[in-house]
Amino acid sequence: MCGIVGYVGTDQCARLLLSGLRRLEYRGYDSAGIAIADEESGEVRLCRAEGKLDKLEQAYRDEPFDGNVGLGHTRWATHGKPVESNAHPHRAGRVVLAHNGIIENYLELKEELVERGREFSSETDTEVVAHLIDEAWSNSPQLSLHEATQAALDRIEGSYALAVMATENPEELVVARNASPMVIAHGGGCAYAASDIPAVLSYTRDFIFLEDGDTAVLRREGIEVFDAEGNSTERDVKTISWDPVSAEKQGYKHFMLKEIHEQPARITDTLRGRVSVDRGEVELPELRLDEQTVQKLDKIVFVACGTSNYAAQIAKYLIEEVARIPVETDLASEFRYRNPLITDNTLAIAISQSGETADTLAAIREAGELGARTLGIVNVIESTIAREADGVIYTHAGPEIGVASTKAFTTQLAAVSMLAIKLGRLTGRLDVEEARTLIEALREVPNHMEAMLEDTSQYEQLARSYHEARSFLYLGRGHQFPIAAEGALKLKEISYIHAEGYAAGEMKHGPIALIDNEMPVVVLAPKNSVYEKVKSNLEEVKARGGRIIAIGTEGDERLETFADDIIAMPDVAEFVQPMVSALVVQLLAYYIADFKGTDIDQPRNLAKSVTVE
Ligand code: G6P
């Protein structure tokens, strides 16, 4: 969703702001803008445009300006259409600002401000903040920009990451955070602010992660952080290990394709140092769960959204199978509003790539308040869920730029597989020998994936044959059911072809009515404990003339009788089959979308990190 980048320093910053915004594009947006203070006059000039960044860059080229304090923003519309007048930055009097999040009480604040004679030029919730700051400042000119911002924040309810600058105040940028991420950094006479690390990763790797309620003043000489009470405070500087190159395309046509190919390495990173085949043990110290607590667990509840929710559904199969602890999974947006049954002996686990998804964050907070122990399975370090949960397992996927999640998903699967083994050992349901076998299978996954990625030409052929289909059905059983759902989600997200993922056994209760010779049916049929059942479902599809793409174990000749096309996956242990078949459905969706020529990395209407409800 929205993105912010800010700079105070000695360099002309227009290029830096525009390239920072490019690095935030992946989050999803529909308008953008920059504001820069003129060094001589102190005047802040704005340039904003509806649509993609190319339009903003064109508008900027038509009337260029520059300076060494500025901010930029990409907006994903919530309040008001994605038109130029609603694009950020917004100006009120001397104050110019950009905002991520939602101001919940903006309507009443707006009414008040209008009554006091303030004129609004946008439909956004954000503009009230600019007016409140400008009003506080006009009423008490002795205040600093920071103090005026603080006064305005006292009136606001909602979530925000804010970057504020002002005319005739060209030396500084004020930022604030509440329930929407903001990082700041200082070095070499420059200070940076960003809602998301990749925006400024080319300039620094040492960041301060602001906490909720924090504000900060950024100047050339340094940065000062204030806590929620307004007291000057120190926050640790954390060094990010991601290198800037990992957020670049590196010759791949799309970030998504690069991220698909990165999976073997990122899964290896996620397993590294945590699994020991010799000892048959998994080490997850950040989990902070001892044997006694695990023995007492009455259930595990997963909350997540989107692709992460499918990782949670697979976790249910793995944990129940291996550790024999009851597992429930809930869409975070449903969990929040259904009065869930949680006890002190419940373990609530949020799975989230970003660690910032609004519904997932609210759900895990709710579970914690109801007494559950909480755990985050998160990719972005120092994200809100990672910081708030009692324990955390970081996936080491690195920055994921493509909106459609790929490597974040398979590293989540690696994490939940390790968790299942760990819990199995702690409950005593899994002996060392069994654990060794599972760990061995896990460790082999990256090698199998490498081999599968060596030649992807089959997918290009399939894309040619199937790209005109109007609708796809994906079928799977057991832990291949969530993979079927994930495959359908990937396809619809990036190719805009309608697709549904169904439990194969449920097909007879509805979707079978759709099957004809126009309808491709992707059947996940690797050799495993439910193989024979899936094969019967395959026959049912065949009998109705459906076009079958079977994803099966290599060498399985029986599938040839039914399938129009077969994609072979390596013969791996059932426990790790989801990771391997996930790669297949990702490649299928990618090549179909590529054939259709859609905007794969930034599909229409989608956002990478959904930070509003
Ligand atoms: C958005 C993204 C999805 C992601 C979902 C949950 O919808 O486009 O790819 O799966 O949010 O995000 P999270 O960061 O919580 O995993």
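Computed from a predicted structure; not experimentally measured.

Enquirer: Teacher, can you tell me more about the domain arrangement of the protein chain here?
Expert: Think of interface size as the accessible area that goes away when the parts come together; that is how it is often given. Taken domain by domain, the protein chain consists of domain 1 (3-247), domain 2 (255-453) and domain 3 (457-596). On a C-alpha basis, the centres of domain 1 and domain 2 stand 34 Å from each other. Contacts between the two partners involve 13 residues from domain 1, matched on the other side by 14 residues from domain 2. Where domain 1 touches domain 2, the interface holds two salt bridges. Glu382 serves as the salt-bridge partner of Lys238, at 3.0 Å between the closest nitrogen and oxygen. Counting across the interface, domain 1 meets domain 2 through three residue pairs in polar contact (both at pLDDT 80 or more). Looking at the side of domain 1 that touches domain 2, its residues break down into eight nonpolar, one polar and four charged.

Enquirer: Can you help me understand the site of the ligand in this one?
Expert: Residues in contact with the ligand amount to 13 residues; listed here are only the nearest, Ser308, Ser352, Gln353, Ser354 and Thr357. Gln353 is positioned such that a nitrogen or oxygen atom in its backbone is 2.7 Å from an oxygen atom of the ligand. Within the backbone of Val403, a nitrogen or oxygen atom sits 3.3 Å from an oxygen atom of the ligand. When the ligand sits alone it has 390 Å² of accessible area, and the protein chains cover 90% of it. Looking at the shell around the ligand, the element that brings in the most residues is helix H9 (residues 306-323), giving three residues.

Enquirer: What exactly am I supposed to notice about helix H13 (residues 407-427) here?
Expert: For H13, which comprises 21 residues, the first-to-last C-alpha distance of 30 Å matches the rise-based estimate of 30 Å (1.5 Å per residue) to within 8%. The element H13 is largely enclosed, with a buried count of 20 among its 21 residues. Once H13 ends, the next one or two residues include Gly428, with phi positive near 85°.

Enquirer: Would you mind showing me how to read the sheet that holds strand E10 (residues 190-194) here?
Expert: Strands belonging to one sheet form pairs held by backbone hydrogen bonds; the direction of such a pair is parallel or antiparallel. If you walk across this open sheet you meet the eight strands as E3-E2-E4-E1-E10-E9-E11-E15, and the pairing is antiparallel. Every interior strand has two partners, whereas the edge strands, strand E3 (44-50) and strand E15 (237-239), have only one. Here the strands of the sheet are splayed against their neighbours by 20° on average, with no regard to which way each runs. Here strand E2 (residues 31-37) runs beside E3; their pairing, made up of seven bridges, is antiparallel. Bridge pairing links Ala35 to Leu46 in E3. The sheet contacts of helix H1 (residues 14-24) involve strand E1 (3-8), E2, strand E4 (69-75) and E10, and relative to E1 the element is tilted by about 155°. On top of the sheet, helix H2 (residues 53-62) reaches E2 and E3; it is set at about 140° to E3, its chief contact.

Reading guide: rules and limits
- Residues numbered from 1 in each chain as written.
- Predicted model: local features only at pLDDT ≥ 70, side-chain atom pairs only at ≥ 80, totals over all residues.
- Heavy atoms only, no water.
- Domains from an automatic or database assignment.
- Contact = heavy atoms within 4.5 Å.
- Salt bridge = Lys/Arg side-chain N within 4 Å of Asp/Glu carboxyl O.
- Polar contact = N/O pair within 3.5 Å; in protein donor to acceptor, adjacent residues only side chain to side chain.
- Nonpolar A, V, L, I, M, F, W, Y, C, P; charged D, E, K, R; others polar.
- Near = heavy atom within 4 Å.
- Areas by Shrake-Rupley, 256 points an atom, 1.4 Å probe, with all protein chains shown as cover.
- Helix = DSSP H or I, 4+ residues; strand = E, 2+ residues; numbered from the N terminus.
- Expected span 1.5 Å × (residues − 1).
- Buried < 20%, exposed > 50% of the residue type's maximum accessible area, 1.4 Å probe, protein only.
- Pairing = 2+ DSSP bridges.
- Axes fitted to C-alpha atoms, helices over the stretch in contact; angles between N-to-C directions.

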